[in-house]
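As a plain string of letters, each chain reads:
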There are 2 protein chains.
Amino acid sequence: MHAELQLDNQICFRLYTAARLITQAYTPILTTLGITYPQYLVLMVLWEKDNQPVNDIARRLVLETNTVTPLLQRMEKLGFVVRKKGEQDKRQQIVSLTEKGKQLEEEAYAQVPTGMNNQLSACPLKLDDYQRLAQELDSIIDTLKK
Amino acid sequence: MHAELQLDNQICFRLYTAARLITQAYTPILTTLGITYPQYLVLMVLWEKDNQPVNDIARRLVLETNTVTPLLQRMEKLGFVVRKKGEQDKRQQIVSLTEKGKQLEEEAYAQVPTGMNNQLSACPLKLDDYQRLAQELDSIIDTLKK
DNA sequence: TAACATTATATCGTACACGATAAAAACAAA
DNA sequence: TTTGTTTTTATCGTGTACGATATAATGTTA
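Asks: Tell me about the interface of chain B and chain A, and name the residues and values.
Replies: Facing 60 residues of chain B, the contacting portion of chain A comprises 60 residues. Applying the counting criterion to the chain B and chain A interface returns 4 salt bridges. Residues A:R132 and B:E136 are paired through a salt bridge, measuring 2.5 Å at the closest nitrogen-oxygen approach. Our count for the contact surface shared by chain B and chain A stands at 16 residue pairs in polar contact (both at pLDDT 80 or more). Among the secondary structure elements, those contributing two or more residues to the side of chain B that touches chain A are helix 1 (11–33), helix 2 (37–48), helix 3 (54–61), helix 5 (99–120) and helix 6 (127–144) of chain B. Examining the composition of the side of chain B that touches chain A, we find that 15 residues originate from one element, helix 1 of chain B, more than from any other. Residue classes in the side of chain B that touches chain A are distributed as 38 nonpolar, 8 polar and 14 charged.

Asks: Can you lay out the packing of helix 2 (residues 37–48) of chain A against helix 5 (residues 99–120) of chain A for me, pointing to particular residues and giving the numbers?
Replies: Residue and element names in this part refer to chain A. Two elements in contact, helix 2 and helix 5, have axes whose closest approach is 11 Å; the angle formed by their N-to-C orientations is 110°. Judged by the inter-axis angle, helix 2 sits roughly perpendicular to helix 5. Helix 5 is crossed by helix 2, and the crossing has left-handed handedness. Counting all contacts with helix 2, which are made through Y40, L43 and W47, the residues of helix 5 involved are G101, K102, L104, E105, A108 and V112. Residues that form the contact of helix 2 with helix 5 fall into these classes: 6 nonpolar, 1 polar and 2 charged.

Asks: Tell me about the environment of B:G34, and please be specific about residues and values.
Replies: Residues and elements named next belong to chain B. Checked against the element boundaries, G34 lands in the loop between helix 1 and helix 2. By relative accessible area, which is 42% here, G34 ends up partly exposed. In the structure, G34 is positioned 70 residues away from L104 in sequence and 9.7 Å away in space, judged by C-alpha atoms. In contact with G34, not counting residues within four places along its chain, are Q39, L78 and F80.

Asks: Break down the relation of the copies chain B and chain A for me, citing the residues and quoting the values.
Replies: Expressed as a screw transformation, the operator carrying chain B onto chain A has a rotation angle of 180° and an axial translation of 0.0 Å, and the superposed copies differ by an RMSD of 0.0 Å. Taken together, these values place the two copies in the relation of a two-fold axis.

Asks: Give me the protein's contact with DNA strand C: which residues, what numbers.
Replies: If you check the shell around DNA strand C, you find 26 residues, and the closest are A:Y16, A:Q24, A:R91, B:N66 and B:R74. Within 4 Å of the protein, atoms of DNA strand C come from sugar and phosphate in 72% of cases. In the model, a base oxygen of DNA strand C is placed 2.7 Å from a nitrogen or oxygen of the B:N66 side chain. Backbone polar atom of B:Q88 to a phosphate oxygen of DNA strand C: 3.4 Å apart, as the coordinates give it. Of all the secondary-structure elements, those providing two or more residues to the surface near DNA strand C are helix 1 (11–33), helix 3 (54–61) and helix 4 (65–77) of chain A together with helix 2 and helix 4 (65–77) of chain B. Each residue belonging to the surface near DNA strand C can be placed in one class, and the counts come to 6 nonpolar, 13 polar and 7 charged.

Asks: Help me get a handle on the protein's contact with DNA strand D, residues and values and all.
Replies: In the vicinity of DNA strand D there are 26 residues, among which A:R74, B:Y16, B:Q24, B:N55 and B:R91 approach most closely. In DNA strand D, atoms within 4 Å of the protein come from the sugar-phosphate backbone in 72% of cases. A:T36 places a polar side-chain atom, nitrogen or oxygen, 2.7 Å from a phosphate oxygen of DNA strand D. Between DNA strand D and B:R83, the relevant distance is 2.8 Å, taken from a phosphate oxygen to a side-chain nitrogen or oxygen of the residue. When residues of the surface near DNA strand D are traced back to their parent elements, those giving at least two are helix 2 and helix 4 of chain A together with helix 1, helix 3 and helix 4 of chain B.

Asks: Report on the nonpolar core, specifying residues and quantitative values.
Replies: Judged by nonpolar contacts, the single largest core of 108 residues is most densely connected at A:Y40 and B:Y40. In this structure, B:Y40 is in contact with A:L5, B:Y26, B:L30, B:I35, B:W47, B:A108 and B:V112, ignoring residues within four places of it in sequence.

Asks: Residues and numbers for the sheet that holds strand 2 (residues 81–85) of chain A, please.
Replies: All names here are of chain A. Pairing within the open sheet is antiparallel, and its 3 strands lie in the order 1-3-2. Where the open sheet ends on each side, the last strands, each with one partner, are strand 1 (52–53) and strand 2. Bridge count between strand 2 and strand 3 (residues 93–97): 5 bridges; the pairing is antiparallel. Among the inter-strand pairings, R83 is bridged to a residue of strand 3, identified as V95. Docked against the sheet, helix 2 engages strand 1, strand 2 and strand 3, running at close to 85° with respect to strand 3.

Here is what the cut-offs are and how they apply
- Residues numbered from 1 in each chain as written.
- Chains lettered and ligands numbered in written order.
- Predicted model: local features only at pLDDT ≥ 70, side-chain atom pairs only at ≥ 80, totals over all residues.
- Heavy atoms only, no water.
- Contact = heavy atoms within 4.5 Å.
- Salt bridge = Lys/Arg side-chain N within 4 Å of Asp/Glu carboxyl O.
- Polar contact = N/O pair within 3.5 Å; in protein donor to acceptor, adjacent residues only side chain to side chain.
- Helix = DSSP H or I, 4+ residues; strand = E, 2+ residues; numbered from the N terminus.
- Nonpolar A, V, L, I, M, F, W, Y, C, P; charged D, E, K, R; others polar.
- Axes fitted to C-alpha atoms, helices over the stretch in contact; angles between N-to-C directions.
- Parallel < 35°, antiparallel > 145°, perpendicular 65-115°, else oblique.
- Left-handed = near helix turned anticlockwise from the far one by under 90°.
- Buried < 20%, exposed > 50% of the residue type's maximum accessible area, 1.4 Å probe, protein only.
- Least-squares fit on C-alpha atoms with pLDDT ≥ 70 in both.
- Near = heavy atom within 4 Å.
- Core = buried A, V, L, I, M, F, W, Y, C linked by side-chain atoms within 4.5 Å.
- Pairing = 2+ DSSP bridges.

Without other data, these values stay purely geometric and don't point to any function.
And the structure:
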C-alpha cells in the first residue's frame, strides 16, 4: 500500500473532479442557451475579439486545433459562427460571430454568472481564496504548458 | 464587453485547463504502463480495496456508471481486471484485479510519482500551497457534489 | 526558381463523459 | 404473493480531447 498512489493524496484527481463538476454546474444554464461549455469558451474568446483564425482560438483555449476545428464546425452548423478563408493567408479559416452569436452575449451575461453564483453560494471560499486559487492554477498551467 | 464573461476572470476555465494539462502530463508515463489516466484512477481505487462493485468504484471517482462500465470493459479486455456477477446481489458486477493489474502497482509506484514531480519541478508552489489547494478544491467539490 | 521545410487546418481513430433509456434483480407494500 | 418501486448495470447517441496523419499554402534556401 503506497501512500503516493492513494486517491486522497492526489491533487490531480481533485483537479479532474472539480473541473468536471464545474462543467456539470454550467450545463443546465448553457443548455437553455443552446450551447455546451467548450462552445461557451469559444464564444467568450470571440466576444472579446471577433474574426480570429482557428489557431488563435485554439491557443487562447490551450486546446489543439484538432479539437477546435470540429467544435467550430458544430458551432457553424448551429448558426453561432461562420468560417471564411483568410484573404492574406489562404490556409487560415477566419472565425466570426453571426448575429445569433453576438446576441448570445447579453443572454449569457444575464444568466450565467448569476446561475453559477447560485450553485456555488454554499461554498465557503471567499473572494481572496478564489483569487489565490486562480494564481495557483495559473502557475500549474504555466509550468505544464510548454 | 462584460468583465464577468472574460476568460481571464474565469476560475472555471483555469480548472478545466489545469485538469487537462495535468492529464496530459500523466499520459507519457501511463502510456509506458499501457493505461490511460481514468484507467489509472480505477486501478488506484482497486489497489486500495479489491473486489468492488461498479457502483462503489463510480461513487469513489465521482463518475456515472455509464462512464465507468465501458471503462471497466476496456480494462477487462486489456487484462487488468475481471468482472464477476455478485453472489449475494446478482445485479452487481464485482470488479477484481488480475495478477497483471496487481503487478502494475509496483511499476506505477516506481514511475508515476517521480515522473510527475519531474514535470512539476519548475512549479513555484510549495507543499503548503498544494495542501491548501487540495482543501480548496475539496470545498468546491463538496459544494457541487449533490 | 526549384526543392525542402514549416505552418494552418482538416480527418481519422480511440477513449472518455454524460444525458436518456432499457432491463434485470431486489425491495416494499398492500 | 403480487404489484409497484427502487437499485444496479448496460446500451445508445452526442460532444469533446488528443495522438497520428494528410493536405494545401506559405516560407526558406540553395
